[in-house]
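Descriptive analysis of the structure
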Protein chains: 2
Amino acid sequence: MVRLSPSSLHDSLRSPALESIGFLNEVMSRYPDAISFAPGAPHPGFVAGLDVQQCVDRFLDHLVHEMGHTPRQARLRLYEYGPSRGLINGLVGEALRRDLQIDVPSDAVVVTVGAQEGMLLVLRALFRPSAGDLLAVANPCFAGITGAASLLDIPVVGVDETATGIDLDGLTAACREARAAGRRIRACYVASDFSNPGGSRMSLECRHKLLELAEREDILVLEDNTYGFTTAHGHELPSLKALDTERRVIHIGTFAKVCFPGARVGYVVADQPVIGQDRLLADELAALKTVVTVNTSPLGQAVIGGMLLEHGGSLAELSRAKSELYQRNLNQLMDALDRTLPGRVPPSIGWNRPTGGFFVRMRLPVPADVGLLEISAADYGVLWTPMAQFYLDGAGDSQLRLSCSYLDADQIETGVQRLAAFLAKEIG
Amino acid sequence: MVRLSPSSLHDSLRSPALESIGFLNEVMSRYPDAISFAPGAPHPGFVAGLDVQQCVDRFLDHLVHEMGHTPRQARLRLYEYGPSRGLINGLVGEALRRDLQIDVPSDAVVVTVGAQEGMLLVLRALFRPSAGDLLAVANPCFAGITGAASLLDIPVVGVDETATGIDLDGLTAACREARAAGRRIRACYVASDFSNPGGSRMSLECRHKLLELAEREDILVLEDNTYGFTTAHGHELPSLKALDTERRVIHIGTFAKVCFPGARVGYVVADQPVIGQDRLLADELAALKTVVTVNTSPLGQAVIGGMLLEHGGSLAELSRAKSELYQRNLNQLMDALDRTLPGRVPPSIGWNRPTGGFFVRMRLPVPADVGLLEISAADYGVLWTPMAQFYLDGAGDSQLRLSCSYLDADQIETGVQRLAAFLAKEIG
């Protein structure tokens, strides 16, 4: 019988990112009754009442009354194959214009199977193995981008993330070092508004300076906007793409958090022209997509399209309602930590104070590894995520990530009590 | 402003497969009123009456009454993230057992975004760039697999496809040549029942011999079963996977044709154990999927799951109804060609006589290229697909592919009349 040697399989399968995703899922599944600060999933209260059929009907209505389709044609669009670039690009483009002041033609938008496929497509288009180009990422970093890079054998360079964004001197030094080694950094990945897992938010100054740096060093910027909508009302900053006058920024977003994950609908804005081709980078991404997923489920797109239409073509109102809950949860988590931990746990335990996003990071005086997680889950009924998987350089192994998005107020309180008991007893 | 040089983008974007997909879509879109023998899409009559909500409700019912979920939990499963390996693996495994005698545990099944993502995941898992392994494919070949290989920089070797399947001597020779060059063929892709575009069907003898060859040469077989359901009732042959006692076969399928494409749901059966890991290849594919699409839309899976449940957990009945239409269309297309072309067009024009699938291949005495397609579309109102894109070796440039799946009887008749006029006037 055939038996496959692990060493005969692609190296990415042995990468820390992929291995830890699998292992964590396994741990979580064994403790379904624990209070979990682990998942970065939207709050279940937002999706429980979803009426998918109503959204689909709204989109069909739009196809018939605004796009001139017959009812039969409209229904067929949902059930058949569709353009690989997407079906709701115009609606997405309109929402980006209204909500984020990102003003691009709908031709520059590609609808993808979540932000994840968008990242994979962008990396594939931009990186040729023979060129040996490097991807720079803010470190710690979302495992989805480093994982996609490892799937494509793209070498990654970590640049420290500070509280106000990526370390610009570090990025400049990385560009210089790459050049000295006869290589170059082709692109830099950042999450400008509330990175996962760092929780950092890029200051306006850092945004401007990053764009200047990108121009100077001739690199592209991949901006992940997944958590931008969690910004407290009135505190919005322009996205890198909104500030981008040179088309240096490729903007990647998702409807997973602001609408719902099960639709699997995200998007890429890629308005970079390709020389001599009368095409944009978006066209190249759509071409690559034909051999990855062919097209994004038109049914999923119809639900998201319907939700956009229901809200007047803008997600601002939807974002605000959700942002309020996540702000409340985040503040409650930090308050509960402040009220509960000091005096009970070693004083070397500290945590950051993000102003948005889903995540708080905590530093322990010992490794926050899977062994410790197992104890936390089995004996104290509380789950969290080890941070080591998010670091490129083996740092961060004494940190854990606490997510507040999926929990209710009372669960956050109880969870922090359990966490306090765990830390008091097991650490120190 | 940034302008990207085409040579700075990944080579696959310049591959014939990807370029031609884009170009053909563009030509098609300019002639919406032409009769099109181009698309490999299922007949619109099968999807027009689809009641998605009913399918979803059926699946929810199953989650509640058979899987023990509360109604709220069941609804959340549709809207939230889900396991990367899939949500309906048990139902898919059961259907494979009943309909195709493929008897594997549901752990060996991964649900993918169509067969296309399945192909990408399988290729990525099995091919390490540093190993320099080769993928053998039956030539002519579905552009989705060669396209996915080019996206992953996997070198491909074409082996002739005969009327009864892949040329086994050719495959043996290719293995030998690879070894002589210090390399090896890691896997061979075939569509055992009615290849796209070749229309060939592998004989039972060839199936057995291919499995023997695979064992002898230590290669894996990737079996694409997309068109297996179009087999005329009573003429079924066992799939390679059903015959596979050594776990040499990875079976890839899709619900796009037998259910509907808009769900974007396919699957891979990969029951190969990984040495020392207590894992199957399916687990590795699910791990890779976390950085490609995270998970397949649970909403899409629910619709397909509901359709499976509606039909008693088997697709046999559904397949039969659809197979009858496609058989009828295929026979009508060949009959119309027989009745209409002889005497009117040069006698060097011939076509094959497949017994299933969606496609007939026609050979012209001149190149069947995009220029000729443009004339056919503009002046005669009939569309077809140039075959050159499906060949690895530049052969096949005088062939075109005619698809019968999307058309009604009267459209096939009119289309063949137009084709005859076009061939009579423009060729010869």
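Topic: the interface of chain B and chain A
With 71 residues of chain B in contact, the opposing surface of chain A contributes 71 residues. In terms of residue count, helix H6 (residues 114-126) of chain B provides more of the side of chain B that touches chain A than any other element does, seven residues in total.

Overview of the environment of Phe390(B)
Residues and elements named next belong to chain B. The residue Phe390 is located in the loop between strand S15 (385-386) and strand S16 (399-403) in this model. Sequence-wise, Phe390 and Cys141 are 249 residues apart; in three dimensions their C-alpha atoms are separated by 5.1 Å. Beyond its immediate chain neighbours, meaning those up to four positions away, Phe390 contacts Pro140, Cys141, Ala143, Pro197 and Gly396.

Some words on the packing of H6(B) against helix H11 (residues 281-289) of chain B
The relative placement of two packed helices comes down to the angle between their axes together with the axis-to-axis distance. Residues and elements named next belong to chain B. In the contact formed by H6 and H11, the axes pass within 9 Å of each other and the chain directions differ by 110 degrees. Compared by their axis directions, H6 and H11 come out roughly perpendicular. Where H6 approaches H11, its residues Leu121, Val122, Arg124 and Ala125 are matched on the opposing element by Leu281, Glu284, Leu285, Leu288 and Lys289. For the contact of H6 with H11, the residue count by class is six nonpolar, no polar and three charged.

A short note on the environment of Pro347(B)
Residue and element names in this part refer to chain B. Assignment of secondary structure puts Pro347 in the loop between helix H13 (316-340) and strand S12 (350-351). Classification of Pro347 as exposed rests on a count of 10 C-beta atoms within 10 Å. Considering only alpha carbons, one finds Pro347 and Ala286, 61 residues apart in sequence, at a separation of 52 Å.

With respect to the relation of the copies chain B and chain A
Applying a rotation about an axis and a shift along it to one chain copy brings it onto the other copy. Its rotation angle being 180 degrees, the transformation that places chain B on chain A also includes 0.0 Å of axial translation and leaves an RMSD of 0.0 Å. Taken together, the rotation and translation describe the operation of a two-fold axis. Looking at the interface residues of chain B, 100% of them are also at the interface in chain A, so both copies use one shared face.

A look at helix H7 (residues 143-151) of chain A
Residue and element names in this part refer to chain A. Among the nine residues in H7, nine count as buried, and that is most of the element. Where H7 is concerned, the buried positions are Ala143, Gly144, Ile145, Thr146, Gly147, Ala148, Ala149, Ser150 and Leu151. Residue Asp153 follows H7 closely and has a positive phi angle near 55 degrees.

Regarding the confidence of the model for chain A
A residue-level look at chain A finds 100% of positions with pLDDT of 70 or above and a mean pLDDT of 95. Predicted complex, confidence summary: ipTM 0.97, pTM 0.97.

Cut-offs applied
- Residues numbered from 1 in each chain as written.
- Chains lettered and ligands numbered in written order.
- Predicted model: local features only at pLDDT ≥ 70, side-chain atom pairs only at ≥ 80, totals over all residues.
- Contact = placed C-beta atoms within 7 Å.
- Helix = DSSP H or I, 4+ residues; strand = E, 2+ residues; numbered from the N terminus.
- Axes fitted to C-alpha atoms, helices over the stretch in contact; angles between N-to-C directions.
- Parallel < 35°, antiparallel > 145°, perpendicular 65-115°, else oblique.
- Nonpolar A, V, L, I, M, F, W, Y, C, P; charged D, E, K, R; others polar.
- Buried ≥ 20, exposed ≤ 12 C-beta atoms within 10 Å, placed from the backbone.
- Least-squares fit on C-alpha atoms with pLDDT ≥ 70 in both.
- pLDDT = per-residue confidence, 0-100.

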